[in-house]
Amino acid sequence: MKKFGLATQIFVALVLGIVVGTLFHGNETAMAIMAPMGDIFIHLIKMIVIPIVVAALIVSIAGVGDIKKLGKLGGKTILYFEIVTTFAIAIGLLAANLFHPGSGLDTSNLEKSDISKYEETTNAAESQGFAETIVHIVPKNIFESMAQGDLLPIIFFSVLFGLGVAAIREKGKPVLSFFEGVLEAMFWVTNQVMKLAPFGVFALIGVTVAKFGITTLIPLGKLVIAVYVTMVFFIIVILGIIAKMSGTSIFVLIKVLKDELILAFTTASSEAVLPRLMEKMEKFGCPKSITSFVIPTGYTFNLDGSSIYQALASLFVAQIYGIDLSITQQITLLLVLMLTSKGMAGVPGASFVVILTTLGSMGLPLEGVAFIAGIDRILDMARTVVNVLGNSLAAIVMSKWEGEFDQEKAKHYVHSIKQSDVA
């Protein structure tokens, strides 16, 4: 009998979670039983992400050891992220104009969710200007940043530390060996944690469906369809063109990352696949030095799915209240989103906070976001897949741009995946 792969196990867990959640809709006891299972899985993922990012960056940067080369890579990466996310925001705005998901919606039938915690975060985030965001990149206490899971300061520290290890040459070798050992051990831990993924997915989906019920989707079905269709269009057309230009195919990449994409979709967590993503892109021909820098940085600067969603949701709120935004106002909205979406890295409920900040700056009613909160989990699943795929492709683009992509390694890896699928 053929053994079920991780993707199949997760899909079965997703279906079972929906069934159980529907059966126990509104049942507090059932939710109390399932919730810890999902929380434990997410905690396990969060536990392994930071050690892997730190160790991978230190090992790869110490291997490069060239601050000029690193600066060049950093500049190109940020430029690429900025261009692609701007495209994503523009496509989100175009989709909102095409679908009009908020027009003619009867808000009296919609359930409002409590968004007060996001509004508090928004107020705190708004008081933090551009200068503070730049200052925030430099950690005042690296252990505090690690405890908070704040990736930007962690990346900054790890890059500097890696350069330091390279600079002290012979004395740095034991330190390098230590972090190489940490990285290998953490990848082993990742593989063990992934065995629990189906249980985590079952619990996370089960609790969501039991809490909100399938009926919540019906009034906002137009928004859900608009988001999903736009995400699929962005993957096939925009990411497809970028993949073709960098000598690969988006469909090959999807096949390579099949397990990770299903896991990202079902858990609605990019972090859940970060360790495996870095490992797989290395096997696919991207050098460790580029993969371990581009992918974690992309988790802050290259959230294509989140950018599409934020643009769509902002116009959706305007449409609910019958506010017609002119082309000039929509261009302003695009510029505002370009800034706010980058400044919210590491903020809890970042997408909501970005939408609230954007609506506030455009003078649009904030309470409209409360209508989306109930179905945010369903929308989050789609945007997480696009975020993961966009960051994986960024690693390939940067590897090609630097002339360090191993085409032969990529061919062998794709061939080995096809062989295992046949077997």
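Whatever comes next refers back to the structure up there.
The following paragraphs examine the structure supplied in this document. All figures in this text were calculated on a predicted structure; none of them were measured in a lab. (Residues numbered from 1 in each chain as written. Predicted model: local features only at pLDDT ≥ 70, side-chain atom pairs only at ≥ 80, totals over all residues. Heavy atoms only, no water.)

## So, the packing of aromatic side chains
No. 1: What the rule picks out here adds up to six aromatic pairs.
No. 2: With centroids separated by 5.9 Å and ring planes inclined at 75°, the aromatic side chains of F161 and F179 adopt a geometry described as edge-to-face. Taken together, the positions of F161 in helix 7 (residues 151–167) and F179 in helix 8 (residues 173–194) put the pair 18 residues apart, joining distant regions of the chain.
No. 3: Centroid distance F284 to F405: 6.0 Å. Interplanar angle 65°. Geometry classified as edge-to-face. Residue F284 is found in the loop between helix 13 (274–283) and helix 14 (288–301), and its partner F405 is found in the loop between helix 19 (376–401) and helix 20 (407–422); the two are separated by 121 residues along the sequence. (Phe/Tyr/Trp six-rings, centres within 6.5 Å; stacked < 30°, edge-to-face > 60°. Helix = DSSP H or I, 4+ residues; strand = E, 2+ residues; numbered from the N terminus.)

## Description of a nonpolar patch on the surface
No. 1: Where nonpolar side chains cluster on the molecular surface, the patch consists of V232, F233, I236, V237, I241, M245 and F251 and spans about 690 Å² of accessible area.
No. 2: Ranked by residue count, the leading element in the nonpolar patch is helix 10 (residues 221–245), at six residues.
No. 3: Relative to the elements of secondary structure, I236 occurs in helix 10. (Patch = residues over 30% accessible without salt bridge, like charges linked within 9 Å, V, L, I, M, F, W, Y side chains within 5 Å. Areas by Shrake-Rupley, 256 points an atom, 1.4 Å probe, with all protein chains shown as cover. Salt bridge = Lys/Arg side-chain N within 4 Å of Asp/Glu carboxyl O.)

## Some points on the nonpolar core
No. 1: Core analysis: the largest hydrophobic core is formed by 133 residues, its most contacted members being Y80, F234, L263, F284, Y309, I372 and L393.
No. 2: Broken down by element, this core gets its largest block of residues, 18 residues, from helix 2 (residues 28–64).
No. 3: When neighbours within four sequence positions are excluded, L263 is seen to be in contact with I10, F41, M194, A197, V201, A268, A272 and V273. (Core = buried A, V, L, I, M, F, W, Y, C linked by side-chain atoms within 4.5 Å. Buried < 20%, exposed > 50% of the residue type's maximum accessible area, 1.4 Å probe, protein only. Contact = heavy atoms within 4.5 Å.)

## Quick word on the pattern of salt bridges
No. 1: Counted by the stated rule, this structure contains eleven salt bridges.
No. 2: A salt bridge links E402 to K76, with the nearest nitrogen and oxygen atoms 2.8 Å apart. With a gap of 326 residues between them, E402 in the loop between helix 19 and helix 20 and K76 in helix 3 (residues 67–99) connect regions that are remote in the sequence.
No. 3: With relative accessibility at 17%, the residue K76 sits in the buried group.
No. 4: Between D380 and R383 there is a salt bridge, with its nearest N and O atoms 3.2 Å apart.

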